[in-house]
Amino acid sequence: MYDNNKRVAIVTGGGSGIGLAIAQKFVDNGIETIVIGRNEKKLSDAKQLLGERCHPINHDVSDLASLPSLVDNIIRDFGQIDILVNNAGINMKKDFTETTDEDFQQVINTNLTAVFSLSRAVVKHMIPQGKGSIINISSMAAQYGMPRVISYSASKAAIDGITRAMAVELSPKGIRINAIAPGFIATAMTAVALDSDPERKNKALGRTPMGHLGQPSDIGDAALFLCSDAAKYITGVILPVDGGNSIGF
Ligand code: NDP
């Protein structure tokens, strides 16, 4: 039986960076939050930080065949899934000509195919509930061209596409689908991409009207809003949370 008095969320990649900040907002707002990742230490640190409403599960979302049973087990243990945040992602910075087919496929598998497969498994349970909210994490790499991230750009542009396609098909069934497009947010992933490349960092900040990197909690606030009743008439949007980066000159 669906319990109206509780909310259950899954946050993939919830053990670090943006995902951890989203999980923190959820837990602080009384949402039972399942955080999924592959690294045991990250997960136990997240549990330590977030407390009793945080439920870590060690799972590799790129193992597509295992996702339906992952979701079935969550339903068995928690009874329902109200929110899915598809946040887990990997980046790969390589010259276009150096990127192998395997590199390309690896990024697509984690950042795109796993989002599709996990969402499909979760939606099968949300449809009988008659409600649900899914948030995909996109990127500025889907909004404009960035050099040396060909597979990542492909994956994130496709995330915007599936967000819209899922929204038109699933919104009539009570399931809202939205995406957040973070600008440059201070996390480990950005440190790897920008700290070794001061020119790229200056360029990123130079076209960010607010003039500084965002914090993971800025994305957490947007995710909390999008999955709340305050956003009950919002579906199919790609919300930039970027200090103006996407409209900067
Ligand atoms: P992090 O590297 O800090 O976090 C990525 C998370 O994804 C980790 O917790 C990692 O956990 C998890 N993860 C990766 N692969 C898998 C997998 N196969 N199965 C399960 N979990 C996995 O990066 P960010 O927090 O910066 O990025 C989070 C999301 O935000 C990504 O989708 C990224 O593309 C997006 N983004 C980030 C921006 C930024 O400026 N930081 C800008 C735009 C978008 P583990 O290692 O335990 O598997």
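Coordinates for the structure precede this section.
Here's what I pulled together on the structure shown here. It should be emphasised that the depicted structure is a prediction, and the values quoted were computed from it without experimental measurement.

Quick look at the overall build of the chain
Then, in step 1: Looking only at helices and strands, the chain features eight helices and seven strands.
Then, in step 2: Scaling as 2.2 N^0.38, a compact globule of 249 residues should have a C-alpha radius of gyration of about 18 Å, and the chain matches this with 17 Å.
Then, in step 3: In terms of principal-axis extent, the alpha carbons of the chain reach across some 55 × 40 × 35 Å.
Then, in step 4: For the chain, the proportion of its 249 residues judged to be buried stands at 49%.
Then, in step 5: For the chain, long-range pairs separated by at least 24 residues make up 72% of all intrachain contacts whose partners lie at least 6 apart in sequence.
Then, in step 6: Here the chain displays about 11900 Å² of accessible surface, and carbon together with sulfur accounts for 55% of that area.
Then, in step 7: Separation of charge centres in the chain, based on 24 positive and 25 negative side chains, amounts to 4 Å.

Points about the packing of aromatic side chains
Then, in step 1: Scanning the entire structure with this criterion turns up zero aromatic pairs.
Then, in step 2: Note that arginine 207 overlies the ring of tyrosine 144, its terminal NZ or CZ placed 3.9 Å from the centroid.

What to know about the environment of glycine 174
Then, in step 1: When you line up the elements, glycine 174 lands in the loop between helix H5 (150–170) and strand E6 (175–182).
Then, in step 2: Spatially, the C-alpha atoms of glycine 174 and histidine 55 are 26 Å apart, while their sequence positions differ by 119 residues.
Then, in step 3: When near neighbours in sequence (up to four residues on either side) are disregarded, glycine 174 contacts Gly130, Lys131 and Gly132.

Digging into the site of the ligand
Then, in step 1: Neighbouring residues of the ligand: 29 residues in total, closest Arg38, Lys42, Asn87, Tyr152 and Thr187.
Then, in step 2: Contacts to the ligand include isoleucine 18, whose backbone N or O atom sits 2.8 Å from an oxygen atom.
Then, in step 3: Within the backbone of valine 61, an N or O atom sits 2.9 Å from a nitrogen atom of the ligand.
Then, in step 4: Notes on the ligand: free accessible area 880 Å², of which the protein chains cover 93%.
Then, in step 5: Spatially, the ligand is embedded in the largest pocket.
Then, in step 6: Breaking the shell around the ligand down by element, the ones donating at least two residues are helix H1 (17–28), H5 and helix H6 (188–195).
Then, in step 7: For the shell around the ligand, the class distribution of residues is 10 nonpolar, 15 polar and four charged.

Quick notes on the nonpolar core
Then, in step 1: Core analysis: the largest hydrophobic core is formed by 26 residues, its most contacted members being Ile10, Ile81, Val122 and Ile134.
Then, in step 2: If we ignore the near neighbours within four places in the chain, the residues touching isoleucine 134 are Leu84, Asn86, Ser119, Val123, Met126, Met166, Ile175, Arg176, Ile177 and Asn178.

About the criteria used
Residues numbered from 1 in each chain as written. Predicted model: local features only at pLDDT ≥ 70, side-chain atom pairs only at ≥ 80, totals over all residues. Heavy atoms only, no water. Helix = DSSP H or I, 4+ residues; strand = E, 2+ residues; numbered from the N terminus. Rg over C-alpha atoms; globule rule 2.2 N^0.38 Å. Buried < 20%, exposed > 50% of the residue type's maximum accessible area, 1.4 Å probe, protein only. Contact = heavy atoms within 4.5 Å. Areas by Shrake-Rupley, 256 points an atom, 1.4 Å probe, with all protein chains shown as cover. Lys, Arg positive; Asp, Glu negative; His and termini not counted. Charge placed at Lys NZ, Arg CZ, Asp CG, Glu CD. Phe/Tyr/Trp six-rings, centres within 6.5 Å; stacked < 30°, edge-to-face > 60°. Lys NZ or Arg CZ within 6 Å of the ring centre and 35° of its normal. Near = heavy atom within 4 Å. Polar contact = N/O pair within 3.5 Å; in protein donor to acceptor, adjacent residues only side chain to side chain. 1 Å grid on protein atoms, 1.4 Å probe; cavity = no way out; pocket = protein on both sides within 12 Å on 5 of 7 lines; lining within 4 Å. Sits in = over half its atoms within 2 Å of the grid points. Nonpolar A, V, L, I, M, F, W, Y, C, P; charged D, E, K, R; others polar. Core = buried A, V, L, I, M, F, W, Y, C linked by side-chain atoms within 4.5 Å.

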